[in-house]
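Descriptive structure summary
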Amino acid sequence: MRKYGLIIIAVICLAVLVLGHQRWKNVSEVAGIEARAAAAKVKEKEKEEREALIQSLKPENNKQQPLIDYLHYKSLTQERVVVSLVGSNGTSGTGASNSSNSWAGRLERSLRADRDDLETLRFINHGHEGYSTEDLLKGKKIEAVIQDNPDLIIFENSLINNHYQSLSLEQTEKDLESIMSKLQKELPNAKILIISPNPVANDKTENSLGLNYLDYIHASEQVIKTNKWKYMNSKDGIEKKLSKKNMRLADILTNDNIHPNDQGHYIWFEVMEEYFKLNK
């Protein structure tokens, strides 16, 4: 009798274990289904939020869009985002202790840090020390930019070297138009920002043609205004910063009184960063 009792108890225990396991399995399956459903909802919500963000950043809907929003939109809709820089000494980083301290190096890091989606942003620098606008054309540096297939081009108009090499204003204007024509024809979907070079100490010193640096700035600005190209006057922006900081131009230039030092490149970067975040 005792033996049967143990068998009955064993059967009951086994039944309890089987039923308990089945119940646990059912509960687990239900929990799994609920978890997957919750995850799907989260994923769908993220997808909807991403799509809403893309629509809000769409350039067609934002005619006065800040450049950083334009780059953000590009990062959300394509695998890579490229900014190509072309110009002369200011773009190449002349005067900075290293490339990371140049305005271009600082701007690239700042844009990446500002938006998570811009981590893959890539700057390609075609700055060439001593190059005039004529040199950029003859050296096929504009073709090199076109090969990058960039989303944004920052073109530093090489006016310091044009002045130094005594290129005529007519040639300077013609070069500017040729450069822009090439870029706009080959890269119709890219945004192009023209910037002036930095301020120099002797901007009223005349070259062999009797022209000073400011003459080149003003002549170029007239062409830019006529063609309604996007433009930022780095020279004026830096000078305004210096006035606010109560600093002298000599404080931010190297010993040649032409090229910005690390501090000069930092102020130039501040001007660029502010421009990138403003509605145009």
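Note: the structure precedes this text.
One structure accompanies this document, and this report is about it. (Residues numbered from 1 in each chain as written. Predicted model: local features only at pLDDT ≥ 70, side-chain atom pairs only at ≥ 80, totals over all residues. Heavy atoms only, no water.)

Considering the arrangement of structural elements, one finds K241 in helix α10 (residues 234-245). A relative accessible area of 16% means that K241 is categorised as buried. Excluding anything up to four places from it in sequence, K241 contacts I267, E270, V271 and E274. (Helix = DSSP H or I, 4+ residues; strand = E, 2+ residues; numbered from the N terminus. Buried < 20%, exposed > 50% of the residue type's maximum accessible area, 1.4 Å probe, protein only. Contact = heavy atoms within 4.5 Å.)

Overall, the coordinates contain 12 salt bridges when judged by the stated rule. Where R115 meets D69, a salt bridge forms, and the shortest distance between an N and an O atom there is 2.9 Å. Taken together, the positions of R115 in the loop between α4 (103-114) and β2 (122-127) and D69 in helix α2 (residues 67-77) put the pair 46 residues apart, joining distant regions of the chain. A salt bridge links K182 to E143, with the nearest nitrogen and oxygen atoms 3.2 Å apart. Of this pair, K182 sits in helix α8 (residues 169-186) while E143 sits in helix α6 (residues 141-148), and the two are 39 residues apart along the sequence. (Salt bridge = Lys/Arg side-chain N within 4 Å of Asp/Glu carboxyl O.)

All right, on to the packing of aromatic side chains then. With the rule as written, the count across this model stands at 2 aromatic pairs. A centroid spacing of 5.7 Å and a plane angle of 55 degrees characterise the contact between Y266 and F269, whose relative ring orientation is tilted. One end of the pair is Y266 and the other is F269, both in helix α11 (residues 262-277) and 3 residues apart, which spans about a single turn. A relative accessible area of 8% means that F269 is categorised as buried. (Phe/Tyr/Trp six-rings, centres within 6.5 Å; stacked < 30°, edge-to-face > 60°.)

Below, the discussion takes up empty space enclosed by the protein. For the coordinates displayed, the defined rule picks out 2 cavities of 30 Å³ or more. Taken as a whole, the largest cavity holds about 40 Å³ of empty space. Forming the boundary of the largest cavity are S88, N89, G90, T94, E156, I160, P197, N198, H259 and P260. When the residues that make up the lining of the largest cavity are grouped by side-chain class, the tally is 3 nonpolar, 6 polar and 1 charged. Counted as a void, the second largest cavity has a volume near 40 Å³. What lines the second largest cavity is N157, L159, I194, S196, I217, S220, E221, I224 and Y231. Examining the composition of the lining of the second largest cavity, we find that 4 residues originate from one element, helix α9 (residues 213-227), more than from any other. Broken down by class, the residue content of the lining of the second largest cavity amounts to 5 nonpolar, 3 polar and 1 charged. (1 Å grid on protein atoms, 1.4 Å probe; cavity = no way out; pocket = protein on both sides within 12 Å on 5 of 7 lines; lining within 4 Å. Points joined across faces, edges and corners; volume = space filled by probe spheres on them. Nonpolar A, V, L, I, M, F, W, Y, C, P; charged D, E, K, R; others polar.)

Moving on, we come to the nonpolar core. Membership of the largest hydrophobic core comes to 30 residues, with the highest contact counts inside it found for L71, W103, L107, I154, M272 and F276. Those elements giving two or more residues to this core turn out to be α2, β1 (82-87), α4, β3 (152-156), β4 (191-195), α10 and α11. No other element matches the 7 residues that α11 contributes to this core. When sequence neighbours within four positions are dropped, the list of residues in contact with M272 reads W103, L107, I154, L193, I195 and M232. Counting 19 residues, the second-largest nonpolar core is a separate cluster that includes V145, I153, I179 and I194. (Core = buried A, V, L, I, M, F, W, Y, C linked by side-chain atoms within 4.5 Å.)

Bringing α6 into the picture now. Listed as buried for α6 are K141, I142, V145, I146 and D148. Down the axis, α6 shows its buried residues gathered within 150 degrees of arc, on one side only. Following α6 by one or two positions, N149 adopts a phi angle in the positive range, close to 50 degrees. (Arc of directions from axis to C-beta.)

Here the focus is the environment of E134. Along the chain, E134 turns up in helix α5 (residues 133-138). Residues E134 and Q171, 37 residues apart in the sequence, show an inter-C-alpha distance of 8.1 Å. What E134 contacts, discounting residues up to four positions off in sequence, is L167, Q171 and D175.

Note on helix geometry: an α-helix contains 3.6 residues per turn, so any two residues three or four positions apart are oriented the same way. Between its first and last C-alpha atoms α8 spans 26 Å; for 18 residues at 1.5 Å apiece the expected length is 26 Å, and the two agree. Within α8, the full set of buried residues consists of L169, T172, D175, L176, I179, M180 and L183. The arc enclosing the buried residues of α8, seen along the axis, measures out at 125 degrees, which places them on a common side. In α8, those exposed residues whose orientation departs by more than 90 degrees from the buried face are E170, K174 and K185. Where α8 is buried, its residues contact α5, α6, β3, α7 (159-164), β4 and α9. (Expected span 1.5 Å × (residues − 1).)

Before going further, it helps to spend a moment on the environment of A190. The residue A190 is located in the loop between α8 and β4 in this model. For the pair A190 and S166, spaced 24 residues apart in sequence, the C-alpha to C-alpha distance is 32 Å. Setting aside residues up to four positions removed in sequence, A190 forms contacts with Y70, P150, D151 and I153.

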